[in-house]
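Structure at a glance
The chain contents come next:
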Amino acid sequence: MDRLITAFVDQWIPIVNHWLHLMSAILWIGGLGLLMMAVVPALRKSVPGELVKPLANAIYQKYQRIIGALMLVILVTGGINIAYVNKLMKAANGAGFTNPYLIALGVKLFFVMCIMTLFLYNTIFPPAPEEKGAAGEDDTDPEGIPFLRAAFWFGIFIVLMASTLKHLHH
């Protein structure tokens with residue numbers, strides 16, 4: 001019975017935790033990609049120009065509630081992942097994290113902080129209603145969602161660094 005409990009703790013909890021971490025990141029970054037590559041272009045083709053930005057922003061504001069929950073899941077599961085990987089690496093090499101792993105983790109966490117900062121900025125400072133569809137407005141946020149493209153690309157780099165980390169601890 002002890003072996004069964006140990007196997008559960010050592011294998012299944014980390015597997016489910018990592019799965020939750022990946023699914024949360026996929027939903028967040030995939031949702032940003034969907035907004036940028038499908039929703040906004042579809043709005044541009046199907047609604048009057050002055051409504052594109054307000055509609056896109058309204059969709060994003062609804063999506064922000066989902067992102068908030070995903071962000072919490074990512075933070076908690078990411079911390080658990082770090083502890084588990086450190087345990088694995090100590091068992092394998094006796095020293096825990098290696099220098100290349102720490103560098104890649106630092107870069108990933110930098111991108112995570114960037115995307116979370118953009119999320120928090122958009123949450124704390126949403127565009128004012130008169131700015132959302134103002135005529136003659138410059139195209140600093142052509143999708144109607146401030147920093148959408150930047151957040152998406154930060155997400156892409158996070159996935160790249162996650163792939164790097166996965167290969168550095170085996």
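To be clear, the structure that these remarks concern was listed above.
Here goes a summary of the coordinates provided. (Residues numbered from 1 in each chain as written. Predicted model: local features only at pLDDT ≥ 70, side-chain atom pairs only at ≥ 80, totals over all residues. Heavy atoms only, no water.)

**Description of the side chain of Lys 108**
For clarity, the threshold we go by: Helix numbering and strand numbering both begin at the N terminus, where a helix is a DSSP run of H or I of at least 4 residues and a strand a DSSP run of E of at least 2. For the exposure calls, accessible area comes from a 1.4 Å probe over protein chains only, and a residue counts as buried if that area is under 20% of its type's maximum, exposed if over 50%, partly exposed in between. A contact between two residues is defined here by any heavy atoms of the two lying within 4.5 Å.
Tracing the sequence through the fold places Lys 108 in helix H3 (residues 99-124). By relative accessible area, Lys 108 is classed as buried at 14%. Apart from residues no more than four positions distant in its own chain, Lys 108 is found in contact with His 21, Ile 158, Met 161, Ala 162 and Leu 165.

**Brief notes about helix H1 (residues 2-46)**
We apply this condition: Helix span, as expected, comes to 1.5 Å for every residue beyond the first. Axes are fitted to the seven residues ending at a residue and to the seven starting at it; the angle between these axes is taken as the bend at that residue.
Under the 1.5 Å per step criterion, the end-to-end length of H1 is 61 Å for 45 residues, consistent within 8% with the ideal 66 Å. The largest bend along H1 reaches roughly 40 degrees and is located at Leu 35.

**Concerning the environment of Asn 57**
Secondary-structure assignment places Asn 57 in helix H2 (residues 49-93). Its relative accessible area of 2% is what places Asn 57 among the buried residues. Measuring from C-alpha to C-alpha, the distance between Asn 57 and Met 37 comes to 15 Å, with 20 residues separating the pair along the chain.

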